[in-house]
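Residue-level listing of the chains:
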Amino acid sequence: QVQLVESGGGSVQVGGSLTLSCVASGITYSRACMAWFRQAPGQERLAVAAIEAGGSTMYSEPVKGRFTISRDNAKNILNLQMNDLKPDDTAMYYCAAKNDACNVWTWRHKYNTWGQGTQVTVSS
């Protein structure tokens with residue numbers, strides 16, 4: 001099974017930027033949907049962004065225009081560039097993958113593999 005490992009989390013001031021990375025190993029996900037989810041304390045885990053193997057992207061409304069998801073299929077790396085960070089962006093961010101297209105991309109149960117998460121904290 002594919003293993004996912006996130007990195008790049010940390011603490012940043014409001015308006016700052018962070019880039020998260022997720023390295024996939026085991027099986028290539030060049031034909032798979034990959035996504036970022038996030039979960040704040042006491043909240044449910046919500047979809048942030050997803051990307052098809054071919055490069056098509058999807059974003060949740062709170063992050064549109066601020067976050068950019070990308071992937072390097074040759075290196076099996078998924079990235080999330082986060083700009084203009086807000087306190088509401090504070091959460092544990094998880095990398096996820098599934099072995100099909102990104103249709104119904106916000107449904108958590110459709111993802112087969114999850115990373116352990118990387119913490120992002122945005123403070124004033």
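Each remark here, short or long, concerns the structure printed above.
Notes on the structure follow.

Thresholds applied
Residues numbered from 1 in each chain as written. Predicted model: local features only at pLDDT ≥ 70, side-chain atom pairs only at ≥ 80, totals over all residues. Heavy atoms only, no water. Buried < 20%, exposed > 50% of the residue type's maximum accessible area, 1.4 Å probe, protein only. Helix = DSSP H or I, 4+ residues; strand = E, 2+ residues; numbered from the N terminus. Pairing = 2+ DSSP bridges. Salt bridge = Lys/Arg side-chain N within 4 Å of Asp/Glu carboxyl O. Disulfide = S-S within 2.5 Å. Axes fitted to C-alpha atoms, helices over the stretch in contact; angles between N-to-C directions.

### So, the pairing of strand β7 (residues 67–72)
Of the two faces of β7, only the one carrying Phe 67, Ile 69 and Arg 71 is buried; Thr 68, Ser 70 and Asp 72 on the other face are not. Here 6 bridges tie β7 to strand β8 (residues 77–82), and the two strands are oriented antiparallel to one another. Across the sheet, residue Thr 68 finds its bridge partner in β8, namely Gln 81. The turn linking β7 back onto β8 is made up of 4 residues, and Asn 76 within it adopts a positive phi angle of 55 degrees.

### Here's the deal with the pattern of salt bridges
Under the counting rule described, the total for this entry stands at 6 salt bridges. The salt bridge involving Asp 84 is made with Lys 86; its shortest N-O contact spans 3.7 Å. On the basis of relative accessibility, which here comes to 38%, the residue Asp 84 falls in the partly exposed class. Lys 86 gets classed as partly exposed once you look at its relative accessible area, which sits at 36%. A salt bridge links Lys 98 to Asp 100, with the shortest nitrogen-to-oxygen separation between them at 3.8 Å.

### Thoughts on the state of the cysteines
Counting across every chain of the model gives 2 disulfides. For Cys 33, the disulfide goes to Cys 102, at an S-S distance of 2.0 Å. In this structure the cystine formed by Cys 33 and Cys 102 twists about its S-S bond by roughly 100 degrees; its chirality is therefore right-handed. Placement of Cys 33 in strand β4 (residues 33–39) and of Cys 102 in the loop between β9 (91–98) and β10 (113–114) is noted, with a sequence separation of 69 residues between them. The connectivity of the disulfide-linked cysteines in the protein, indexed sequentially, is 1-3, 2-4.

### Observations regarding the sheet that holds β8
Judged by pairing direction, the sheet is antiparallel, and its 4 strands sit side by side in the order β1-β3-β8-β7 without closing on themselves. Pairing within the sheet leaves two strands with one partner each, and these edge strands are β1 (3–7) and β7. Adjacent strand axes in the sheet meet at a mean angle of 15 degrees when their direction is disregarded. Sheet topology note: the strand β3 (residues 18–25)/β8 ladder contains 6 bridges and is antiparallel.

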